[in-house]
Amino acid sequence: MRKTMWINFLWALIPILWLIISLGIIGMPASKACTIGLIITIADAVLLFKQPLINTLSGALEGIIMGIWPIMYVILAALFVYQITTKSGSMQTIETLLSSITTDKRILVLIIAWGFGGFLESIAGFGTAVAICAGILISLGLEPIQASVICLVANSTATAFGAIGLPVLTLAEVTNLNEVQLGFIVTLQLVILVILVPFILVILTGKSIKALKGIFFITLMSGIGMAIPQVIIAKVTGAELPALVGSLFSILITVWLTKRKTGAIEEVENESISEIIKACSPFILVFVFVLLASSLCPPVNNFLTSVTTHLHVYLGKNSNDLPINWLSSPGTLILLAGLIGGKIQGLSFNKMFKILVSVLKTIGMTTITVCAIVGLAKVMVYAGMTNALALALVSLLGPAYPLFAPLIGALGTFLTGSATSANVLFGNLQYSAAQSLGVSKYWIVASNMTGATAGMLSPQNIAVATGAINKEGLEGKILKETVKWGSLYLLITCVFLYLVGFLAKLV
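Since the structure is predicted, the reported quantities are computational estimates derived from the model, not experimental observations.

Peer 1: Just give me the short version of the layout of surface pockets, but keep the residues and values in it.
Peer 2: The rolling of a water-molecule-sized probe over the atoms marks out the regions of remaining empty space. There is about 1100 Å³ of room inside the largest pocket. Taken together, 46 residues make up the lining of the largest pocket; nearest its centre are Leu 169, Ala 172, Glu 173, Glu 179 and Pro 323. Considering every element that reaches the lining of the largest pocket, the biggest residue donor is helix 8 (residues 162–175), with eight residues. Tallied by class, residues from the lining of the largest pocket come to 25 nonpolar, 14 polar and seven charged. Split by domain, the residues of the lining of the largest pocket number at least three in each of domain 1 (1–87 + 271–382) and domain 2 (385–502).

Peer 1: Lay out the state of the cysteines in plain terms, naming residues and giving numbers.
Peer 2: A full pass over the atoms with the stated rule returns zero disulfides. For the unlinked cysteine Cys 133, the closest cysteine sulfur is that of Cys 151, found at 5.3 Å. The structure places no disulfide on Cys 371, whose sulfur is separated from the nearest cysteine sulfur, that of Cys 34, by 11 Å.

Peer 1: So what's going on with the environment of Leu 479? Residues and values would help.
Peer 2: Relative to the helices and strands, Leu 479 resides in helix 23 (residues 475–503). Distance in space between the C-alpha atoms of Leu 479 and Gly 135 is 19 Å, their sequence separation being 344 residues. Ignoring anything within four residues of it in the chain, the contact list for Leu 479 reads Leu 457 and Ile 462.

Peer 1: Now, about the packing of helix 9 (residues 179–206) against helix 10 (residues 216–236): what can you tell me, with residues and values included?
Peer 2: Each pair of packed helices can be described by the angle between their axes along with the distance between the axes. Taken N-terminus to C-terminus, the directions of helix 9 and helix 10 make an angle of 170°; their axes are 8 Å apart at the nearest point. By the criterion of interaxial angle, the relationship of helix 9 to helix 10 is roughly antiparallel. On helix 10, the residues that touch Val 180, Gln 181, Gly 183, Phe 184, Thr 187, Leu 188, Val 191, Val 194, Ile 195, Pro 198, Phe 199 and Val 202 of helix 9 are Phe 216, Thr 219, Leu 220, Gly 223, Ile 224, Met 226, Ala 227, Gln 230, Val 231, Ala 234 and Lys 235. When its residues are assigned to classes, the contact of helix 9 with helix 10 shows 16 nonpolar, six polar and one charged.

Peer 1: Requested: an account of the packing of aromatic side chains, with residues and values cited.
Peer 2: The description of two aromatic rings rests on the distance between their centres and on the angle between their planes. For the structure shown, the criterion picks out six aromatic pairs. With 5.4 Å between their ring centres and 80° between their planes, Trp 6 and Phe 9 make a pair best called edge-to-face. Residue Trp 6 and its partner Phe 9 are both found in helix 1 (residues 2–26); the two are separated by three residues, about one turn of the helix. According to the relative accessible area criterion, Trp 6 is partly exposed, its value standing at 26%. Among the aromatic residues, those joined into a cluster by ring pairs are Trp 69, Tyr 73 and Trp 326. The aromatic ring of Phe 184 is capped on one face by Lys 235, whose charged end is 4.6 Å from the ring centroid.

Each value, and the rule that gives it
Residues numbered from 1 in each chain as written. Predicted model: local features only at pLDDT ≥ 70, side-chain atom pairs only at ≥ 80, totals over all residues. Heavy atoms only, no water. 1 Å grid on protein atoms, 1.4 Å probe; cavity = no way out; pocket = protein on both sides within 12 Å on 5 of 7 lines; lining within 4 Å. Points joined across faces, edges and corners; volume = space filled by probe spheres on them. Helix = DSSP H or I, 4+ residues; strand = E, 2+ residues; numbered from the N terminus. Nonpolar A, V, L, I, M, F, W, Y, C, P; charged D, E, K, R; others polar. Domains from an automatic or database assignment. Disulfide = S-S within 2.5 Å. Contact = heavy atoms within 4.5 Å. Axes fitted to C-alpha atoms, helices over the stretch in contact; angles between N-to-C directions. Parallel < 35°, antiparallel > 145°, perpendicular 65-115°, else oblique. Phe/Tyr/Trp six-rings, centres within 6.5 Å; stacked < 30°, edge-to-face > 60°. Buried < 20%, exposed > 50% of the residue type's maximum accessible area, 1.4 Å probe, protein only. Lys NZ or Arg CZ within 6 Å of the ring centre and 35° of its normal.

Right, here's the structure in full:
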């Protein structure tokens with residue numbers, strides 16, 4: 001029996017090894033690597049795990065559909081809102097507003113890389129915050145490599161709730177766990193990291209721990225100002241708004257404390273309130289629409305969720321219908337906010353349609369990657385491959401498994417460049433492991449999400465950063481810097497979550 005378990009483990013490991021080799025060693029484009037990985041997984045499921053071909057293919061199709069809706073739909077809508085804000089000139093207004101607060105680069109990093117970066121991550125996700133914020137910091141006098149490393153480290157904890165909560169929502173969907181409870185647990189797990197990361201950013205800016213001198217309290221409150229609202233919002237509304245609200249609170253607290261300390265930001269005070277509201281209108285509308293569509297407004301929520309199509313795709317046993325939420329999907333809400341916000345900013349519907357088409361043209365490879373990785377993960381689940389991995393890992397690690405659970409999520413982000421894909425890839429593995437150990441499924445599954453926020457270690461995210469600063473070819477140099485902080489990040493994550501889980505007996 002034990003021999004069979006380890007044989008199944010080795011067969012199930014084949015797709016994972018392929019992704020490690022193709023993405024991490026060969027450096028193959030993710031769209032190609034993940035597509036080949038899907039084909040390998042289908043062959044593995046049929047030939048080695050003896051799953052019927054029709055079941056395997058229908059399972060892959062379910063994953064592909066799920067990759068398109070809601071994942072790629074949300075990405076399309078989020079990038080659409082960002083492009084509208086950029087094309088209308090409003091993004092320049094927002095950047096000017098943020099950069100005019102103080103000349104202290106340490107505080108600017110807290111406002112731009114941490115606060116504004118977290119806000120962009122909550123809206124768009126998928127490297128947008130790194131690309132935009134690195135450019136702003138360079139224009140304010142930081143070195144290109146330094147700015148990239150800072151933005152990569154800053155773009156960590158907020159990724160759990162990036163793109164209007166997509167990673168957590170996806171994790172809840174693939175594991176069939178309650179999304180509100182799961183999101184709340186994730187915010188609790190992230191608290192210590194949310195408080196510590198701003199200190200790392202200030203140290204990176206000043207290139208010494210001495211850089212904290214004079215702004216220690218502001219740095220502390222910048223983290224606390226994000227952490228506490230995230231926990232409250234996740235508990236009340238779910239996974240869509242924690243990063244968005246937390247980042248706004250962090251910005252406001254940091255700016256207010258800076259004003260009290262230096263008496264600066266006259267330019268901000270002279271800025272036209274109407275122009276600021278106009279520039280931020282799409283983001284304000286996203287906040288309002290998501291709030292109205294949440295469980296806080298039952299009449300609206302019930303109406304929107306009633307417009308749902310249920311698809312029965314997987315033809316094997318124990319299958320669940322795949323819901324297509326036409327109106328309540330974050331993608332629909334973001335798209336509507338973008339259209340109204342773009343009109344407020346003076347864009348015609350014809351211009352916005354052209355922007356939408358241009359965004360569609362840029363996400364082709366991303367769509368292939370996401371659909372392939374979700375299809376791969378679904379096949380692994382339905383064929384029993386994920387369960388085979390979990391059984392072997394639990395047998396090998398025993399009670400120590402929860403200590404390593406976040407590392408599995410981090411591996412997923414390293415391989416795919418996406419916390420969402422990491423959750424799709426390993427969410428069910430963590431769920432199966434928790435069941436085998438008899439511990440809290442929510443805590444272990446959430447650990448996957450928490451570990452997956454270590455995106456500063458992902459080659460794909462680093463490529464986004466080097467592209468944004470026109471420093472292609474220096475990925476290795478940036479990776480060398482981010483590995484140090486990423487390793488510390490994961491060490492703190494693993495130890496903290498294990499100790500808290502042990503003390504609470506994982507309940």
